[in-house]
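# Structural description and commentary
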Amino acid sequence: MTTRQILVVDDEIINLQIIQEFLEDSGHHLDLVISAEQAWGRLVDSAQRFDLVILDRMMPGMSGIELLQKMKADARFAAIPVIMQTAATAPDQVREGIEAGAYYYLAKPYEPETLTAIVRAALADVEGREKAREDAQAHVKAMDLLDSAEFRFRRLEEVGPLIQVLASLCARPEHVAMGLSELLV
């Protein structure tokens, strides 16, 4: 299991301690900060890359929603999943958090198992995206080595799998598949 970097943002020290206690056995590194401004500074200035942010919605100064919007507007941080944890649970508040880009909107108080399950799911998504990116890079490297290729098919049924494989090697497979299909059929 890879150790992940989790940024935890809450203006209440007790909430930071609770989250730290809930996640202490996860094996991940937690960076605890008490304001959205401090969190933004860590994101921008830190040599470490964060894999997940657990963010309180209501804080003095920059709110959690404002930090979330700022993160999602910046390409460097847009893909980081953000779990917003808050007591603000009115439907319009939940909608605002989700529309701002929250991966999950967690209402306080919550059970430790709920938080750990959501953290595991968010980090599994991060790992899935990393694996997909690595696979795509491997395909690109392999295609750079290609000098020529020849495929032979005898039946129309053989065309489908060939199209899938060839299209998957391209940057926009959904666009390539249709053209390949027309050419090969």
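Above this note sits the structure.
Described below are features of the structure shown in this document. Numbering of residues begins from 1 in every chain and follows the order in which that chain's sequence is written. The predicted nature of this model means local features are confined to residues of pLDDT at least 70 and side-chain atom pairs, given and counted, to a pLDDT of 80 or more, with totals for whole chains, interfaces and linings taken over all residues. Only hydrogens and water are removed before side-chain values are computed, so all heavy atoms of the structure are retained for them.

### Overview of the sheet that holds strand β2 (residues 29–33)
A pair of strands counts as paired when DSSP detects no fewer than two bridges linking them. Helix numbering and strand numbering both begin at the N terminus, where a helix is a DSSP run of H or I of at least 4 residues and a strand a DSSP run of E of at least 2. Ordered in space as β2-β1-β3-β4-β5, the five strands form an open sheet in which the pairing is parallel. Only two strands of the sheet have a single partner each, and these edge strands are β2 and β5 (104–107). Along the sheet, successive strands turn relative to each other by an average axial angle of 20 degrees, direction set aside. As paired elements, strand β1 (residues 5–9) and β2 share five bridges and run parallel to each other. Looking at β2, one finds that valine 9 is bridged to valine 33. Lines fitted to C-alpha atoms define the axes, with helix axes restricted to the stretch in contact, and inter-axis angles between N-to-C directions lie between 0 and 180 degrees.

### Focus on the nonpolar core
Counting residues in each nonpolar core, the largest one holds 24 residues, and the members touching the most others are Leu7, Val9, Leu43, Val53, Leu55, Leu67 and Met71. Going through the elements one at a time, β1, α2 (36–45), β3 (52–56), α3 (64–73) and β4 (82–86) are the ones with two or more residues in this core. Residues count as neighbours in contact if any of their non-hydrogen atoms are within 4.5 Å of one another. If sequence neighbours within four positions are ignored, valine 53 has contacts with Leu7, Val9, Met71, Ile80, Pro81, Val82 and Ile83. Listed in part, the 16 residues of the second largest apolar core include Val8, Leu23, Leu30 and Ile83. As used in this record, nonpolar core signifies buried Ala, Val, Leu, Ile, Met, Phe, Trp, Tyr and Cys residues forming a set joined through side-chain atoms within 4.5 Å. For each residue, the accessible area found with a 1.4 Å probe, counting protein chains only, is set against the maximum for its type, and the residue is called buried under 20%, exposed over 50%, and partly exposed in between.

### Re the pattern of salt bridges
By convention in these notes, a salt bridge is any Lys or Arg side-chain nitrogen within 4 Å of a carboxyl oxygen on Asp or Glu. Tallied over the full model, the rule gives 14 salt bridges. Note that arginine 49 is salt-bridged to aspartate 51, the shortest N-O span being 3.1 Å. Through salt bridges with shared partners, a single network forms among Arg4, Arg49, Asp51, Glu127 and Glu130.

### Points about the packing of helix α6 (residues 159–168) against helix α7 (residues 173–184)
Viewed as axis vectors pointing N to C, α6 and α7 meet at an angle of 140 degrees, and their least axial separation amounts to 9 Å. Viewed along their axes, α6 and α7 adopt a mutual orientation that is oblique. Crossing handedness for the pair α6 and α7: right-handed. Contacts between α6 and α7 pair Val159, Leu162, Ile163, Leu166, Ala167 and Ser168 from the former with Pro173, Val176, Ala177, Leu180, Ser181 and Leu184 from the latter. Residue classes follow a fixed rule: Ala, Val, Leu, Ile, Met, Phe, Trp, Tyr, Cys and Pro count as nonpolar, while Asp, Glu, Lys and Arg count as charged, and any other residue, Gly among them, counts as polar. Of the residues in the contact of α6 with α7, the class split is 10 nonpolar, two polar and no charged. Under this scheme an angle from 65 to 115 degrees is roughly perpendicular, one under 35 degrees roughly parallel, and one over 145 degrees roughly antiparallel; angles in between are oblique. Crossings are assigned a handedness: left-handed for a near helix turned anticlockwise from the far helix by less than a right angle, right-handed for a clockwise turn.

### Observations regarding the layout of surface pockets
Here the largest pocket defines a volume of roughly 270 Å³. In this analysis, the protein atoms alone were mapped onto a 1 Å grid. Cavities are point sets where a 1.4 Å probe fits without being able to get out; pockets are open sets with protein on both sides within 12 Å along at least five of seven lines; lining residues have an atom within 4 Å of a point. Lining the largest pocket are 15 residues, and of these Arg49, Phe50, Arg76, Ala79 and Ile80 sit closest to its centre. With four residues, helix α5 (residues 112–144) is the largest single contributor of residues to the lining of the largest pocket. Here the lining of the largest pocket is built from residues that sort into eight nonpolar, one polar and six charged. Grid points are joined across faces, edges and corners, and a volume is the space filled by probe spheres set on the points.

### Some details on α3
When we look at burial in α3, the residues that qualify are Gly64, Ile65, Leu67, Leu68 and Met71. One side of α3 carries all its buried residues, which in axial view fall inside an arc of 160 degrees. Residues of α3 that are buried sit in contact with α2, β3, β4 and α4 (91–100). Arc definition: directions from the helix axis to the C-beta atoms.

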